Amino acid sequence: MSKITVLGVLASGRGSNLQSILDAISAGRLNAKVGVVISDNPEANVLKRLAVTDPEIPAICIARRAYESQAAFEADIAAQLKVHHVELVILAGFMRILSPSFVHSLPGRVMNIHPSLLPSFPGKHVHEQALSYGVKVSGCTVHFIDEGTDTGPIILQEAVPVLEGDTPETLAERILHTEHILYPRAIELYCQGRLKIEGRRVIILEKEDDLCED
Ligand code: GRF
């Protein structure tokens, strides 16, 4: 059995992606463990839910308003990640932009999921943007973060059709279902040491046991 990767999950809201990661771990599809969950929102459902379903996982609220500066806020997040021996940071609906210095302190070690096929429709109100543009296909993207908003190197993407009569809510729900499959898969590729960043590209290395032996 290979080494278990310790994840630190940052989330601000509902927490369904965190749940999909925990489910993938329980099902043996993801060789990782959630070492800590950090939310910037004391009211976040993710914290309430975790207290009931997985009370053994440390769940911490680090509210931005409790700090004088972004640097102090991020220093506390970084300290908690360190205390809990986090190797890979997972942004799962974390509604705060992280500063370039935070990003640079964890090179290639912070992932995000975004509910569109980037580079289309970055930022907020993603499904409204997709519907008003009139695209026939949307989807989701897992990427490493860089200094920009939703601009980092792309790891995996999956398309989801836009249907006649879709509202932002129905489209969001269909895409969310795909997110729950894609995010654990991307994290598992990282855990297997199969993601290599080359500039803007993420190369997915073959599985060792898939390699041909002469
Ligand atoms: C997801 O749609 C994700 O793509 C976006 O924020 C949402 C988080 O949902 N970044 P949840 O909190 O994981 O349920």
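Everything here concerns the structure above.
Small disclaimer: the values here were computed from a predicted structure and weren't measured.

Colleague: Please give an account of empty space enclosed by the protein that cites residues and values.
Modeller: Tallied over the full model, the rule gives one cavity of 30 Å³ or more. Within this model, the largest cavity holds a volume of roughly 30 Å³. If you go around the largest cavity, the residues you meet are Gly15, Leu18, Gln19, Val46, Arg49, Leu50 and Thr53. Looking at the lining of the largest cavity, the elements with two or more residues in it are helix H1 (16-26) and helix H2 (45-53). The leading source of residues in the lining of the largest cavity is H2, at four residues. Looking at the lining of the largest cavity, its residues break down into three nonpolar, three polar and one charged.

Colleague: Mind laying out the site of the ligand, listing which residues take part and the relevant values?
Modeller: Contacts to the ligand come from Arg14, Gly15, Ser16, Asn17, Gly93, Ile113, His114, Pro115, Leu176 and Glu179. With respect to the ligand, the side chain of Ser16 contributes an N or O atom lying 2.5 Å from an oxygen atom. In isolation the ligand exposes 370 Å². Once the protein is present, 85% of that is buried. Assessed atom by atom at 2 Å from the grid points, the ligand resides in the largest pocket. Counting only elements with at least two residues in the shell around the ligand, the list comes to H1, strand E5 (110-114) and helix H6 (168-191). Tallied by class, residues from the shell around the ligand come to three nonpolar, five polar and two charged.

Colleague: Lay out the pairing of E5 in plain terms, naming residues and giving numbers.
Modeller: The buried fraction of E5 amounts to five of the five residues, a majority that puts the element mostly inside the structure. The alternating pattern of E5 places Val110, Asn112 and His114 and Met111 and Ile113 on opposite faces, both of which are buried. Pairing geometry for strand E4 (residues 88-91) and E5, over three bridges, is parallel. What sits directly across from Leu91, in E5, is Asn112. With four bridges connecting them, E5 and strand E6 (residues 137-144) associate as antiparallel partners. Paired with Ile113 across the two strands is Val142, which belongs to E6.

Colleague: Go over the pairing of E6 with me, naming the residues and quoting the values.
Modeller: Regular strands have side chains that alternate between both faces of the sheet. The buried fraction of E6 is high, at seven of eight residues. Strand direction decides the pairing type here: E6 and strand E7 (residues 154-161), joined by seven bridges, are antiparallel. Bridged to Thr141 within E7 is Gln157.

Colleague: Could you give me a rundown of the packing of H1 against H2, with the residues and numbers involved?
Modeller: Where H1 meets H2, the closest approach of the two axes is 10 Å, and the angle between their N-to-C directions is 30°. The angle between the axes of H1 and H2 places the two elements in the roughly parallel class. Touching Ser16, Leu18, Gln19 and Leu22 of H1 are Val46, Arg49, Leu50 and Thr53, all from H2. For the contact of H1 with H2, the per-class residue count stands at four nonpolar, three polar and one charged.

Analysis parameters
- Residues numbered from 1 in each chain as written.
- Predicted model: local features only at pLDDT ≥ 70, side-chain atom pairs only at ≥ 80, totals over all residues.
- Heavy atoms only, no water.
- 1 Å grid on protein atoms, 1.4 Å probe; cavity = no way out; pocket = protein on both sides within 12 Å on 5 of 7 lines; lining within 4 Å.
- Points joined across faces, edges and corners; volume = space filled by probe spheres on them.
- Helix = DSSP H or I, 4+ residues; strand = E, 2+ residues; numbered from the N terminus.
- Nonpolar A, V, L, I, M, F, W, Y, C, P; charged D, E, K, R; others polar.
- Near = heavy atom within 4 Å.
- Polar contact = N/O pair within 3.5 Å; in protein donor to acceptor, adjacent residues only side chain to side chain.
- Areas by Shrake-Rupley, 256 points an atom, 1.4 Å probe, with all protein chains shown as cover.
- Sits in = over half its atoms within 2 Å of the grid points.
- Buried < 20%, exposed > 50% of the residue type's maximum accessible area, 1.4 Å probe, protein only.
- Pairing = 2+ DSSP bridges.
- Axes fitted to C-alpha atoms, helices over the stretch in contact; angles between N-to-C directions.
- Parallel < 35°, antiparallel > 145°, perpendicular 65-115°, else oblique.
- Contact = heavy atoms within 4.5 Å.

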